[in-house]
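Each chain, written out:
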Amino acid sequence: MTVSYQHLFLGYEIRDTAMHESGVGEWPHLQAITIYIENGHDQDLTITVRGNKEKTTMGSVELVSAFTVSAGTAVSYTLTPETTGWLPYIYVTATASTAPTTGEINVTIITIEKE
């Protein structure tokens with residue numbers, strides 16, 4: 001099996017309370033994927049996971065309800081077509097309720113390709 005990684009946010013610094021959209025990644029082959037989120041900021045972040053039929057954020061839908069990633073922690077969520085539905089493109093949004101002054105966010109999609 002081959003493990004592949006897609007970075008949606010990589011070393012991205014948030015310094016305000018606006019919503020930030022990551023890059024758009026691909027969700028291939030109707031398989032399970034894991035989204036690994038590292039919040040290195042000094043403030044909690046609210047994260048949503050969104051999907052779309054096209055490689056754009058316009059017209060996307062929420063796949064996972066908003067959740068909080070505490071400052072200085074990491075979480076992972078595994079998505080499957082059976083539990084979240086499936087769309088070929090996926091991205092996340094990140095919002096801080098209090099503007100962070102230090103740190104960065106990293107969000108990675110991890111997939112395993114069957115050989």
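Keep in mind that this is a model prediction, so the values were computed, not measured. (Residues numbered from 1 in each chain as written. Predicted model: local features only at pLDDT ≥ 70, side-chain atom pairs only at ≥ 80, totals over all residues. Heavy atoms only, no water.)

Within a sheet, each strand pairs with its neighbour through backbone hydrogen bonds, oriented either parallel or antiparallel. Overall, antiparallel pairing links the four strands, which are arranged β1-β9-β4-β7 in an open sheet. Where the open sheet ends on each side, the last strands, each with one partner, are β1 (2-12) and β7 (73-79). Each adjacent strand pair in this sheet contributes to an overall mean axis angle of 15 degrees, direction not counted. The pairing of strand β4 (residues 33-39) with β7 spans seven bridges and is classified as antiparallel. In the sheet register, Tyr36 faces β7, and the bridge partner there is Ser76. (Pairing = 2+ DSSP bridges. Helix = DSSP H or I, 4+ residues; strand = E, 2+ residues; numbered from the N terminus. Axes fitted to C-alpha atoms, helices over the stretch in contact; angles between N-to-C directions.)

Moving on: unusual backbone geometry. Located in the positive-phi region is His29, a residue other than glycine, with phi close to 60 degrees. By secondary structure assignment, the location of His29 is in the loop between β3 (25-26) and β4. The class of His29 is exposed, set by a relative accessible area of 60%. The phi angle at Leu30 is positive, at roughly 50 degrees, despite the residue not being glycine. For Leu30, the location among the structural elements is in the loop between β3 and β4. (Buried < 20%, exposed > 50% of the residue type's maximum accessible area, 1.4 Å probe, protein only.)

Without other data, these values stay purely geometric and don't point to any function.
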